[in-house]
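The residues making up each chain are set out below.
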Amino acid sequence: MARIFNFSAGPSTLPLETLQEASDKLVDYENSGMSLIEMSHRGKQYDAVHSETVSLVKEVLEVPADYHVLLLQGGATLQFGMIPLAFLKSDMVADYILTGSWAKKAYDDGKAVGRVNVPWDGADEKYSRMPSQNELNLTPDAAYVHICSNETIGGIQFPQFPETGNVPLICDMSSEIMSRKLPWEKIDMVYAGSQKNLAPAGMALVIMKDDLLQKANKVLPAYLRYDLHAEKNSLYNTPPSFVVWMTCLTLRWIKSIGGIDGLIKRRDEKADMLYGMIEDSNGYYSNPVDKASRSPMNVVWRLPSEDLEKKFIDEAGKAGLSGLKGHRSVGGCRASIYNAMPVDGVKTLVDFMKTFMENNR
Ligand SMILES: *Cc1c(COP(=O)(O)O)cnc(C)c1O
(Lines give C-alpha, C1' and ligand atoms only; values in the text may rest on other atoms or scores of the structure.)
Protein backbone atom coordinates (compact mmCIF):
# COMPACT_ATOMS: atom_id res chain seq x y z
CA MET A 1 0.00 0.00 0.00
CA ALA A 2 1.22 3.50 -0.84
CA ARG A 3 0.18 5.34 2.31
CA ILE A 4 -0.65 8.95 1.52
CA PHE A 5 -0.23 11.92 3.84
CA ASN A 6 -3.60 12.77 5.34
CA PHE A 7 -3.88 16.31 6.72
CA SER A 8 -7.56 16.01 7.57
CA ALA A 9 -8.74 17.80 10.73
CA GLY A 10 -10.62 14.79 12.05
CA PRO A 11 -11.02 11.90 11.83
CA SER A 12 -7.36 12.17 11.08
CA THR A 13 -4.17 10.28 10.50
CA LEU A 14 -3.17 7.75 13.16
CA PRO A 15 0.25 6.31 13.88
CA LEU A 16 0.95 3.52 11.39
CA GLU A 17 2.12 1.43 14.35
CA THR A 18 -1.33 1.74 15.95
CA LEU A 19 -3.12 0.70 12.78
CA GLN A 20 -0.77 -2.18 12.12
CA GLU A 21 -0.93 -3.62 15.60
CA ALA A 22 -4.72 -3.36 15.64
CA SER A 23 -4.85 -4.99 12.23
CA ASP A 24 -2.55 -7.84 13.28
CA LYS A 25 -4.61 -8.56 16.38
CA LEU A 26 -8.09 -7.66 15.24
CA VAL A 27 -9.37 -11.13 14.37
CA ASP A 28 -7.65 -13.21 17.04
CA TYR A 29 -6.81 -11.26 20.16
CA GLU A 30 -3.80 -12.80 21.89
CA ASN A 31 -4.80 -16.37 20.98
CA SER A 32 -8.21 -16.06 22.56
CA GLY A 33 -9.94 -17.34 19.42
CA MET A 34 -11.93 -14.14 19.11
CA SER A 35 -11.55 -10.43 18.64
CA LEU A 36 -11.15 -8.03 21.54
CA ILE A 37 -14.15 -6.14 20.20
CA GLU A 38 -16.28 -9.29 20.46
CA MET A 39 -15.44 -9.83 24.11
CA SER A 40 -17.31 -8.92 27.23
CA HIS A 41 -16.20 -5.61 28.63
CA ARG A 42 -16.35 -7.28 32.05
CA GLY A 43 -13.73 -9.87 31.11
CA LYS A 44 -10.06 -10.04 32.06
CA GLN A 45 -8.64 -9.24 28.64
CA TYR A 46 -10.67 -6.12 28.03
CA ASP A 47 -10.12 -5.02 31.59
CA ALA A 48 -6.35 -5.13 31.07
CA VAL A 49 -6.66 -2.84 28.04
CA HIS A 50 -9.00 -0.46 29.86
CA SER A 51 -6.75 -0.16 32.91
CA GLU A 52 -3.63 0.24 30.81
CA THR A 53 -5.28 3.05 28.84
CA VAL A 54 -6.24 4.94 31.99
CA SER A 55 -2.81 4.52 33.53
CA LEU A 56 -0.99 5.50 30.33
CA VAL A 57 -3.05 8.71 30.14
CA LYS A 58 -2.01 9.50 33.70
CA GLU A 59 1.61 8.67 33.03
CA VAL A 60 2.01 10.48 29.71
CA LEU A 61 0.20 13.64 30.80
CA GLU A 62 1.60 13.55 34.36
CA VAL A 63 -1.90 13.73 35.77
CA PRO A 64 -1.91 14.41 39.53
CA ALA A 65 -3.40 11.78 41.85
CA ASP A 66 -6.51 13.82 42.64
CA TYR A 67 -7.79 13.75 39.04
CA HIS A 68 -10.06 11.16 37.45
CA VAL A 69 -9.55 9.85 33.93
CA LEU A 70 -12.84 9.03 32.21
CA LEU A 71 -13.43 7.36 28.84
CA LEU A 72 -16.87 8.43 27.67
CA GLN A 73 -18.94 8.17 24.53
CA GLY A 74 -20.51 11.00 22.57
CA GLY A 75 -17.28 12.72 21.52
CA ALA A 76 -16.44 16.26 22.56
CA THR A 77 -19.91 17.41 21.59
CA LEU A 78 -21.64 15.50 24.37
CA GLN A 79 -19.24 17.21 26.78
CA PHE A 80 -20.53 20.58 25.58
CA GLY A 81 -23.88 19.59 27.07
CA MET A 82 -22.74 17.46 30.01
CA ILE A 83 -20.61 20.24 31.47
CA PRO A 84 -23.39 22.78 32.05
CA LEU A 85 -25.83 20.03 33.08
CA ALA A 86 -23.34 18.93 35.72
CA PHE A 87 -21.94 22.23 36.94
CA LEU A 88 -24.11 25.19 35.93
CA LYS A 89 -26.55 25.42 38.81
CA SER A 90 -29.52 27.77 38.46
CA ASP A 91 -28.11 30.44 40.80
CA MET A 92 -24.78 30.55 38.98
CA VAL A 93 -23.18 31.93 35.83
CA ALA A 94 -20.65 30.17 33.60
CA ASP A 95 -17.99 32.07 31.67
CA TYR A 96 -17.32 31.08 28.07
CA ILE A 97 -14.35 32.68 26.31
CA LEU A 98 -15.24 32.89 22.63
CA THR A 99 -12.26 32.17 20.42
CA GLY A 100 -13.85 30.47 17.41
CA SER A 101 -16.34 27.93 16.16
CA TRP A 102 -15.76 25.27 18.79
CA ALA A 103 -15.80 27.62 21.77
CA LYS A 104 -19.05 28.98 20.34
CA LYS A 105 -20.62 25.53 20.16
CA ALA A 106 -19.77 24.88 23.79
CA TYR A 107 -21.22 28.29 24.67
CA ASP A 108 -24.45 27.55 22.81
CA ASP A 109 -24.96 24.41 24.88
CA GLY A 110 -24.14 26.31 28.07
CA LYS A 111 -26.73 28.90 27.12
CA ALA A 112 -29.30 26.20 26.48
CA VAL A 113 -28.89 25.03 30.07
CA GLY A 114 -28.34 28.15 32.18
CA ARG A 115 -26.92 31.63 32.58
CA VAL A 116 -23.73 32.36 30.69
CA ASN A 117 -21.33 35.27 30.39
CA VAL A 118 -18.71 36.01 27.73
CA PRO A 119 -15.49 37.36 29.28
CA TRP A 120 -13.98 37.94 25.82
CA ASP A 121 -15.14 37.54 22.24
CA GLY A 122 -12.74 37.43 19.29
CA ALA A 123 -15.47 37.75 16.63
CA ASP A 124 -14.59 41.35 15.67
CA GLU A 125 -11.05 40.25 14.88
CA LYS A 126 -12.31 37.20 13.00
CA TYR A 127 -10.97 34.93 15.70
CA SER A 128 -7.40 35.58 14.61
CA ARG A 129 -5.87 35.54 18.06
CA MET A 130 -6.28 34.37 21.63
CA PRO A 131 -6.89 36.94 24.39
CA SER A 132 -4.31 37.92 26.98
CA GLN A 133 -5.07 37.54 30.66
CA ASN A 134 -5.82 41.25 31.25
CA GLU A 135 -8.46 41.33 28.51
CA LEU A 136 -10.64 38.77 30.26
CA ASN A 137 -13.71 40.07 32.09
CA LEU A 138 -14.11 37.05 34.30
CA THR A 139 -17.11 36.61 36.62
CA PRO A 140 -15.75 36.40 40.19
CA ASP A 141 -17.90 33.48 41.39
CA ALA A 142 -18.59 31.73 38.10
CA ALA A 143 -19.48 28.03 38.09
CA TYR A 144 -16.54 27.57 35.71
CA VAL A 145 -14.61 29.19 32.89
CA HIS A 146 -14.73 27.28 29.62
CA ILE A 147 -12.09 27.64 26.93
CA CYS A 148 -11.21 25.88 23.72
CA SER A 149 -7.43 25.75 24.05
CA ASN A 150 -6.87 25.05 20.35
CA GLU A 151 -9.38 26.19 17.75
CA THR A 152 -9.25 23.55 15.03
CA ILE A 153 -10.93 25.68 12.34
CA GLY A 154 -9.32 29.08 13.00
CA GLY A 155 -5.87 27.61 13.69
CA ILE A 156 -5.23 29.43 16.97
CA GLN A 157 -3.98 28.15 20.30
CA PHE A 158 -3.78 29.60 23.79
CA PRO A 159 0.00 29.92 24.31
CA GLN A 160 -0.68 29.89 28.05
CA PHE A 161 -3.73 28.72 29.93
CA PRO A 162 -5.61 31.60 31.56
CA GLU A 163 -5.57 32.12 35.32
CA THR A 164 -9.03 31.73 36.81
CA GLY A 165 -8.24 31.82 40.53
CA ASN A 166 -10.76 29.76 42.48
CA VAL A 167 -13.08 29.34 39.54
CA PRO A 168 -12.63 25.95 37.84
CA LEU A 169 -11.06 26.07 34.37
CA ILE A 170 -12.51 23.62 31.83
CA CYS A 171 -10.69 23.16 28.51
CA ASP A 172 -11.76 21.61 25.25
CA MET A 173 -8.45 20.17 24.02
CA SER A 174 -9.88 17.98 21.27
CA SER A 175 -7.38 19.02 18.62
CA GLU A 176 -4.29 19.28 20.80
CA ILE A 177 -4.54 16.68 23.55
CA MET A 178 -1.19 14.94 24.13
CA SER A 179 0.71 17.69 22.32
CA ARG A 180 1.76 19.85 25.27
CA LYS A 181 2.47 19.61 28.97
CA LEU A 182 -0.41 20.68 31.15
CA PRO A 183 -0.16 23.12 34.07
CA TRP A 184 -2.49 21.11 36.28
CA GLU A 185 -2.44 23.76 39.02
CA LYS A 186 -4.53 25.93 36.66
CA ILE A 187 -6.76 23.25 35.16
CA ASP A 188 -9.76 21.48 36.65
CA MET A 189 -11.01 19.58 33.65
CA VAL A 190 -9.83 18.83 30.13
CA TYR A 191 -11.70 16.87 27.52
CA ALA A 192 -11.03 15.78 23.98
CA GLY A 193 -12.85 13.88 21.27
CA SER A 194 -10.77 10.84 20.38
CA GLN A 195 -10.55 11.28 16.60
CA LYS A 196 -7.78 13.85 16.36
CA ASN A 197 -4.76 12.97 18.43
CA LEU A 198 -5.73 9.58 19.85
CA ALA A 199 -7.82 7.06 17.97
CA PRO A 200 -10.88 6.65 15.76
CA ALA A 201 -14.03 8.65 16.58
CA GLY A 202 -16.44 7.50 19.25
CA MET A 203 -15.01 8.59 22.57
CA ALA A 204 -14.15 11.57 24.69
CA LEU A 205 -11.19 11.48 27.03
CA VAL A 206 -12.10 13.45 30.15
CA ILE A 207 -9.69 14.31 32.94
CA MET A 208 -11.33 15.91 35.95
CA LYS A 209 -10.14 17.12 39.32
CA ASP A 210 -11.84 15.43 42.24
CA ASP A 211 -12.86 18.81 43.76
CA LEU A 212 -14.83 19.55 40.62
CA LEU A 213 -16.28 16.05 40.39
CA GLN A 214 -17.66 16.45 43.90
CA LYS A 215 -19.80 19.33 42.63
CA ALA A 216 -21.31 17.37 39.74
CA ASN A 217 -25.11 17.28 39.59
CA LYS A 218 -26.45 13.82 40.49
CA VAL A 219 -30.02 14.49 39.49
CA LEU A 220 -29.56 13.60 35.85
CA PRO A 221 -30.10 10.61 33.56
CA ALA A 222 -27.39 8.08 34.32
CA TYR A 223 -25.12 8.57 31.31
CA LEU A 224 -24.87 12.31 32.00
CA ARG A 225 -23.54 11.80 35.56
CA TYR A 226 -19.80 12.24 35.88
CA ASP A 227 -19.96 10.88 39.42
CA LEU A 228 -21.34 7.55 38.17
CA HIS A 229 -18.72 7.25 35.45
CA ALA A 230 -15.96 7.99 37.94
CA GLU A 231 -17.31 5.58 40.53
CA LYS A 232 -17.52 2.80 37.92
CA ASN A 233 -14.17 3.58 36.28
CA SER A 234 -15.97 4.38 32.99
CA LEU A 235 -17.56 0.93 32.98
CA TYR A 236 -21.04 1.97 34.06
CA ASN A 237 -22.24 0.80 30.67
CA THR A 238 -20.55 -0.81 27.67
CA PRO A 239 -17.48 1.26 26.82
CA PRO A 240 -16.40 1.94 23.21
CA SER A 241 -13.93 -0.91 23.49
CA PHE A 242 -12.42 -0.61 20.02
CA VAL A 243 -11.65 3.09 20.50
CA VAL A 244 -10.25 2.47 23.97
CA TRP A 245 -7.97 -0.22 22.57
CA MET A 246 -6.77 2.03 19.75
CA THR A 247 -6.15 4.81 22.28
CA CYS A 248 -4.09 2.37 24.29
CA LEU A 249 -1.98 1.48 21.25
CA THR A 250 -1.46 5.17 20.42
CA LEU A 251 -0.38 5.88 23.99
CA ARG A 252 2.14 3.03 23.81
CA TRP A 253 3.44 4.57 20.59
CA ILE A 254 3.71 7.97 22.29
CA LYS A 255 5.78 6.40 25.06
CA SER A 256 8.00 4.64 22.53
CA ILE A 257 8.95 7.92 20.89
CA GLY A 258 9.80 9.71 24.12
CA GLY A 259 6.42 10.70 25.57
CA ILE A 260 5.22 14.29 25.48
CA ASP A 261 8.80 15.58 25.25
CA GLY A 262 9.35 13.54 22.10
CA LEU A 263 6.06 14.76 20.67
CA ILE A 264 6.84 18.40 21.47
CA LYS A 265 10.09 18.14 19.52
CA ARG A 266 8.32 16.66 16.50
CA ARG A 267 5.47 19.14 16.85
CA ASP A 268 7.80 22.15 16.77
CA GLU A 269 9.88 20.77 13.95
CA LYS A 270 6.77 20.31 11.79
CA ALA A 271 5.09 23.61 12.73
CA ASP A 272 8.30 25.63 12.24
CA MET A 273 8.78 24.10 8.81
CA LEU A 274 5.25 24.89 7.64
CA TYR A 275 4.93 28.38 9.14
CA GLY A 276 8.46 29.09 7.88
CA MET A 277 7.39 28.17 4.35
CA ILE A 278 4.38 30.48 4.58
CA GLU A 279 6.53 33.37 5.88
CA ASP A 280 9.21 32.84 3.24
CA SER A 281 6.66 32.95 0.42
CA ASN A 282 6.51 36.78 0.47
CA GLY A 283 2.77 36.83 0.76
CA TYR A 284 1.99 34.16 -1.84
CA TYR A 285 0.77 32.05 1.05
CA SER A 286 -0.71 34.06 3.89
CA ASN A 287 -1.62 33.02 7.41
CA PRO A 288 -4.25 35.30 8.99
CA VAL A 289 -3.34 34.40 12.57
CA ASP A 290 -1.50 36.51 15.12
CA LYS A 291 1.97 35.03 15.50
CA ALA A 292 1.73 34.49 19.27
CA SER A 293 -1.52 32.52 18.87
CA ARG A 294 -0.48 30.24 16.03
CA SER A 295 -1.61 26.68 16.47
CA PRO A 296 1.10 24.04 16.05
CA MET A 297 -1.63 21.50 15.24
CA ASN A 298 -3.88 23.21 12.67
CA VAL A 299 -2.11 25.51 10.22
CA VAL A 300 -4.32 27.67 7.98
CA TRP A 301 -3.33 29.70 4.94
CA ARG A 302 -4.70 31.45 1.88
CA LEU A 303 -3.41 31.70 -1.68
CA PRO A 304 -3.71 34.82 -3.88
CA SER A 305 -7.12 33.72 -5.23
CA GLU A 306 -9.83 31.16 -4.66
CA ASP A 307 -9.12 29.68 -8.07
CA LEU A 308 -5.53 29.07 -7.08
CA GLU A 309 -6.69 27.55 -3.81
CA LYS A 310 -8.88 25.11 -5.72
CA LYS A 311 -6.02 24.22 -8.02
CA PHE A 312 -3.64 23.85 -5.09
CA ILE A 313 -5.93 21.44 -3.22
CA ASP A 314 -6.63 19.50 -6.38
CA GLU A 315 -2.99 19.07 -7.39
CA ALA A 316 -1.95 18.33 -3.82
CA GLY A 317 -4.49 15.52 -3.75
CA LYS A 318 -2.99 14.04 -6.89
CA ALA A 319 0.45 14.24 -5.25
CA GLY A 320 -0.74 12.15 -2.28
CA LEU A 321 -1.41 15.06 0.08
CA SER A 322 -5.03 14.85 1.15
CA GLY A 323 -7.34 16.78 3.47
CA LEU A 324 -5.89 20.25 2.80
CA LYS A 325 -9.16 22.05 2.17
CA GLY A 326 -9.96 24.66 4.82
CA HIS A 327 -13.18 24.30 6.80
CA ARG A 328 -16.20 25.25 4.69
CA SER A 329 -17.00 28.14 7.04
CA VAL A 330 -13.68 29.92 6.40
CA GLY A 331 -12.35 28.56 3.08
CA GLY A 332 -8.66 28.58 2.18
CA CYS A 333 -6.33 25.75 3.09
CA ARG A 334 -5.59 23.97 6.32
CA ALA A 335 -3.08 21.31 7.25
CA SER A 336 -3.78 19.46 10.47
CA ILE A 337 -0.39 18.25 11.59
CA TYR A 338 -1.37 16.15 14.57
CA ASN A 339 0.99 13.94 16.52
CA ALA A 340 0.74 11.05 14.07
CA MET A 341 1.69 13.13 11.01
CA PRO A 342 5.28 12.16 10.22
CA VAL A 343 7.89 14.91 9.79
CA ASP A 344 8.27 13.56 6.28
CA GLY A 345 4.65 14.40 5.52
CA VAL A 346 5.21 18.06 6.32
CA LYS A 347 8.48 18.05 4.35
CA THR A 348 6.61 16.69 1.34
CA LEU A 349 3.89 19.32 1.78
CA VAL A 350 6.40 22.18 2.02
CA ASP A 351 8.22 20.95 -1.11
CA PHE A 352 4.89 20.78 -2.91
CA MET A 353 4.06 24.33 -1.79
CA LYS A 354 7.40 25.62 -3.14
CA THR A 355 6.92 23.99 -6.51
CA PHE A 356 3.31 25.09 -6.76
CA MET A 357 4.28 28.68 -6.01
CA GLU A 358 7.01 28.67 -8.66
CA ASN A 359 4.64 27.24 -11.27
CA ASN A 360 1.67 29.45 -10.45
CA ARG A 361 3.01 32.96 -9.89
C1 LIG B 1 -13.51 18.13 16.50
C2 LIG B 1 -13.73 19.03 17.66
C3 LIG B 1 -14.87 18.93 18.46
C4 LIG B 1 -16.01 17.97 18.14
O5 LIG B 1 -15.69 16.70 18.45
P6 LIG B 1 -16.74 15.51 18.27
O7 LIG B 1 -15.96 14.38 18.82
O8 LIG B 1 -17.06 15.42 16.83
O9 LIG B 1 -17.93 15.82 19.09
C10 LIG B 1 -14.98 19.76 19.54
N11 LIG B 1 -14.02 20.65 19.83
C12 LIG B 1 -12.90 20.78 19.07
C13 LIG B 1 -11.87 21.76 19.47
C14 LIG B 1 -12.73 19.97 17.96
O15 LIG B 1 -11.62 20.09 17.22
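These figures come from a predicted structure and were not determined experimentally.

## With respect to the nonpolar core
Here is step 1: Core analysis: the largest hydrophobic core is formed by 57 residues, its most contacted members being Leu 61, Ile 177, Met 178, Trp 184, Val 190, Leu 205 and Ile 207.
Here is step 2: Elements supplying a minimum of two residues to this core: helix H2 (44-60), strand S2 (67-72), strand S5 (145-148), strand S8 (169-172), strand S9 (189-193), strand S10 (204-209), helix H7 (241-256) and helix H8 (259-280).
Here is step 3: Of all the elements, H7 adds the most residues to this core, at nine residues.
Here is step 4: No fewer than three residues from each of domain 1 (17-256) and domain 2 (259-359) sit in this core.
Here is step 5: If you look at the next biggest cluster of nonpolar residues, it comprises 31 residues, including Leu 88, Ala 106, Met 189 and Leu 220.

## So, the pattern of salt bridges
Here is step 1: The final tally for this structure, using the stated rule, is 19 salt bridges.
Here is step 2: In this structure, the salt-bridge partner of Glu 231 is Lys 232, at a minimum N-O distance of 3.9 Å.
Here is step 3: Taking the relative accessible area as the measure of exposure, Glu 231 reaches 58% and is therefore exposed.
Here is step 4: Note on Lys 232: relative accessible area 38%, which makes it partly exposed.
Here is step 5: For Asp 314, the salt bridge is made with Lys 318, and the minimal N-O distance between the two is 3.2 Å. Taken as a pair, Asp 314 and Lys 318 lie in helix H9 (residues 306-318) at a separation of four residues, close to a single helical turn.
Here is step 6: Relative accessible area serves as the criterion here: at 68%, Lys 318 is assigned to the exposed category.

## What to know about the packing of aromatic side chains
Here is step 1: In this structure the tally under the stated criterion is 14 aromatic pairs.
Here is step 2: Taken together, a centroid distance of 6.3 Å and an interplanar angle of 80° make the contact between Phe 80 and Tyr 191 edge-to-face. On the criterion of sequence distance, the pair formed by Phe 80 in helix H3 (residues 75-87) and Tyr 191 in strand S9 is long-range, its members being 111 residues apart.
Here is step 3: Ring centres of Phe 242 and Trp 245 lie 6.2 Å apart, and the angle between their planes is 70°; on these two criteria the pair is classed as edge-to-face. Placement of the pair is Phe 242 and Trp 245 together in helix H7, with a separation of three residues, close to one helical turn.
Here is step 4: For Phe 242, a relative accessible area of 30% gives the class partly exposed.
Here is step 5: By relative accessible area, Trp 245 is classed as buried at 2%.
Here is step 6: Three or more aromatic residues joined by ring pairs form one cluster here, namely Tyr 284, Tyr 285, Trp 301, Phe 312, Phe 352 and Phe 356.
Here is step 7: Across from the ring centre of Trp 102, 5.3 Å away, lies the NZ or CZ of Lys 196, which sits over that ring.

Calculation criteria
Residues numbered from 1 in each chain as written. Predicted model: local features only at pLDDT ≥ 70, side-chain atom pairs only at ≥ 80, totals over all residues. Heavy atoms only, no water. Core = buried A, V, L, I, M, F, W, Y, C linked by side-chain atoms within 4.5 Å. Buried < 20%, exposed > 50% of the residue type's maximum accessible area, 1.4 Å probe, protein only. Helix = DSSP H or I, 4+ residues; strand = E, 2+ residues; numbered from the N terminus. Domains from an automatic or database assignment. Salt bridge = Lys/Arg side-chain N within 4 Å of Asp/Glu carboxyl O. Phe/Tyr/Trp six-rings, centres within 6.5 Å; stacked < 30°, edge-to-face > 60°. Lys NZ or Arg CZ within 6 Å of the ring centre and 35° of its normal.

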